[in-house]
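Structural overview
What follows is the residue order along each chain.
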Amino acid sequence: MTNPFALLIGWVLDLIFGDPQRLPHPVVGFGRMISWGEHRLNKGAHRQLKGAILAITLILLIFIATFLLRYLFSKLPSPFGEGMGVRLLFDIIIIFYCLAGTTLIREVRNVFLALDRSLEEGREQVARIVGRDTSELSAQKVRTAALETLAENLSDGVIAPLFWLALLGTPGMLTYKMVNTLDSMIGYRTERYKDFGCWAARIDDVANYIPARLTALLMALPHAILNFDFSIFNFIKKNGKNHASPNSGYPEAALAGILNCRFGGPHYYFGELFDKPYIGENDRELTTDDMKKAIRVNRTAEILMVVIIFFVYLQLI
């Protein structure tokens, strides 16, 4: 079990600093490992098997290495007591690196600010956080893409890492980031990746199954209570399945229901058109006020998750 104060300190550090731009980030290292393996294995016959070997090997490697490092650090002497020395510092750093709530919000806010200056700047800014082709997006589609990403990555970048932290400690949290990085790099249904990346995509689906639905619940519950509007849960149940991913549709549906707007629709990825179903029916113009409301929804869900885990940990000490 991770020390609850490591969770609190790591989370506060993310609130203050976001992802450190000038420090080495483990996800960058994960990306290099995946790229190295993909360029050497994604060719010839048996691509699905090769992709499975790469994904499983990297996932196990990160979990075992983190577990062993944490164990070794726990054996180092500390004047503050067992688990309160280097291991505590290690856990704080891992939690800080694995949470992406502040950076996500900053990037989405920047999309709307860039769009206020020009459509081209908005397209360039949103391209930083989405995988789709943004060169032909309208202003409305730029805003839609940013808010879809805000909802989806609340799960991937905040709630899911915290979920796996609660379940398997910092080794589980960091291993989840490897799972998520594998999916974001090779888990596509394009010609290049459909075989090689299918195991990475399926593992990510499993790892995010509960967190995605938990994210939608944490987003919708405060809205339902404050507005006496529990129909939001029916909206999520109906629209959460309207997505190519078995998971991403649920947080997107929660945000679409709260904002009373429409997400989804056809998009280009790597030059290929993917005809995604729509989430919601009200195709209204999105505004900066919608962005501000969506950010409040994200922060509220994040705080709820941290508070729940913190007090559960306190009870287990």
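Described below are features of the structure shown in this document. If you're wondering where the values come from, they're calculated on a predicted model, not measured in any experiment. (Residues numbered from 1 in each chain as written. Predicted model: local features only at pLDDT ≥ 70, side-chain atom pairs only at ≥ 80, totals over all residues. Heavy atoms only, no water.)

This paragraph deals with the overall build of the protein. From N to C terminus, the protein includes 11 helices and 2 strands. Secondary structure elements in the protein, listed N-terminal to C-terminal, are α-α-α-α-α-α-α-α-α-α-β-β-α. For 317 residues, the compact-globule estimate of 2.2 N^0.38 gives 20 Å, and the C-alpha radius of gyration of the protein, at 20 Å, lies within 12% of that figure. Principal-axis analysis of the C-alpha atoms places the extent of the protein at approximately 60 × 55 × 35 Å. Per-residue burial over the protein gives 51% buried out of 317 residues. If you take every contact in the protein between residues at least 6 apart in sequence, the share linking residues at least 24 apart comes to 69%. Accessible surface, the protein: about 15600 Å² in total, of which carbon and sulfur atoms supply 63%. The positive charge centre, built from 33 side chains, and the negative charge centre, built from 30, are 4 Å apart in the protein. (Helix = DSSP H or I, 4+ residues; strand = E, 2+ residues; numbered from the N terminus. Rg over C-alpha atoms; globule rule 2.2 N^0.38 Å. Buried < 20%, exposed > 50% of the residue type's maximum accessible area, 1.4 Å probe, protein only. Contact = heavy atoms within 4.5 Å. Areas by Shrake-Rupley, 256 points an atom, 1.4 Å probe, with all protein chains shown as cover. Lys, Arg positive; Asp, Glu negative; His and termini not counted. Charge placed at Lys NZ, Arg CZ, Asp CG, Glu CD.)

Turning our eyes to something else, we now look at the environment of M173. Note that M173 resides in helix 7 (residues 139-186). Here the alpha-carbon distance between M173 and G44, two residues 129 residues apart in the chain, equals 34 Å.

So, about the pattern of salt bridges. Once their charged atoms are close, side chains differing in charge can pair, the charge on each being opposite to the other. Summed over all chains, the structure comprises 12 salt bridges. Between D283 and R262 there is a salt bridge, with the nearest N and O atoms lying 3.2 Å from each other. Highlighted residues: D283 in the loop between strand 2 (272-279) and helix 11 (288-316) and R262 in the loop between helix 10 (249-259) and strand 1 (263-269), separated in sequence by 21 residues. Judged by its relative accessible area of 48%, D283 is partly exposed. The class for R262 is partly exposed, based on a relative accessible area of 23%. Between R299 and E302 there is a salt bridge, and its shortest N-O distance comes to 2.8 Å. Note that R299 and E302 are positioned in helix 11 at a spacing of 3 residues, about one turn of the helix. The pair R299 / E302 is uniform in exposure class, with both members buried. (Salt bridge = Lys/Arg side-chain N within 4 Å of Asp/Glu carboxyl O.)

This part takes up empty space enclosed by the protein. Under the criterion given, the structure shown has 1 cavity of 30 Å³ or more. What the largest cavity holds in volume is close to 50 Å³. As for the largest cavity, its lining consists of R132, E148, E152, N242, H243, E252, G264, H267, K276, P277 and I279. For the lining of the largest cavity, the elements supplying multiple residues, two or more each, are helix 7, strand 1 and strand 2. The element contributing the most residues to the lining of the largest cavity is strand 2, with 3 residues. Of the residues that constitute the lining of the largest cavity, the class distribution is 2 nonpolar, 4 polar and 5 charged. (1 Å grid on protein atoms, 1.4 Å probe; cavity = no way out; pocket = protein on both sides within 12 Å on 5 of 7 lines; lining within 4 Å. Points joined across faces, edges and corners; volume = space filled by probe spheres on them. Nonpolar A, V, L, I, M, F, W, Y, C, P; charged D, E, K, R; others polar.)

We now examine the packing of aromatic side chains. Enumeration according to the criterion identifies 8 aromatic pairs in this entry. Here the aromatic rings of F63 and F67 are separated by 6.3 Å at their centres, their planes lie at 20°, and the arrangement is stacked. Within this pair, F63 and its partner F67 are both found in helix 3 (residues 47-74), separated by 4 residues, close to a single helical turn. The exposure class of F63 is partly exposed, given its relative accessible area of 28%. The partly exposed category is assigned to F67, whose relative accessible area is 48%. Ring centres of F96 and Y97 lie 5.6 Å apart, and the angle between their planes is 40°; this geometry places the pair in the tilted category. As far as burial versus exposure is concerned, F96 and Y97 are alike and both buried. (Phe/Tyr/Trp six-rings, centres within 6.5 Å; stacked < 30°, edge-to-face > 60°.)

All right, on to the environment of L167 then. The topology assignment puts L167 in helix 7. The class for L167 is exposed, based on a relative accessible area of 53%. In the structure, L167 is positioned 165 residues away from T2 in sequence and 9.8 Å away in space, judged by C-alpha atoms.

Let us look at the nonpolar core. Within the largest apolar cluster, 80 residues are counted, with the highest numbers of intra-cluster contacts made by V108, V126, L147, L162, L182 and M219. Broken down by element, the residue count for this core peaks at 21 residues, all from helix 7. When residues no more than four places from it in sequence are discounted, the contact partners of L182 are I34, A55, L58, I59, G187 and A200. (Core = buried A, V, L, I, M, F, W, Y, C linked by side-chain atoms within 4.5 Å.)

Our focus in this paragraph is the packing of helix 3 against helix 7. At a closest axis distance of 9 Å, the pairing of helix 3 and helix 7 adopts a crossing angle of 155°. Taken together, the axes of helix 3 and helix 7 are roughly antiparallel relative to one another. Handedness of the helix 3/helix 7 crossing: right-handed. Contacts between helix 3 and helix 7 involve A55, L58, I59, I62, F63, T66, F67 and R70 on the former and, on the latter, L168, T170, P171, G172, L174, T175, M178, V179 and L182. Counted by class, the contact of helix 3 with helix 7 contains 12 nonpolar, 4 polar and 1 charged residues. (Axes fitted to C-alpha atoms, helices over the stretch in contact; angles between N-to-C directions. Parallel < 35°, antiparallel > 145°, perpendicular 65-115°, else oblique. Left-handed = near helix turned anticlockwise from the far one by under 90°.)

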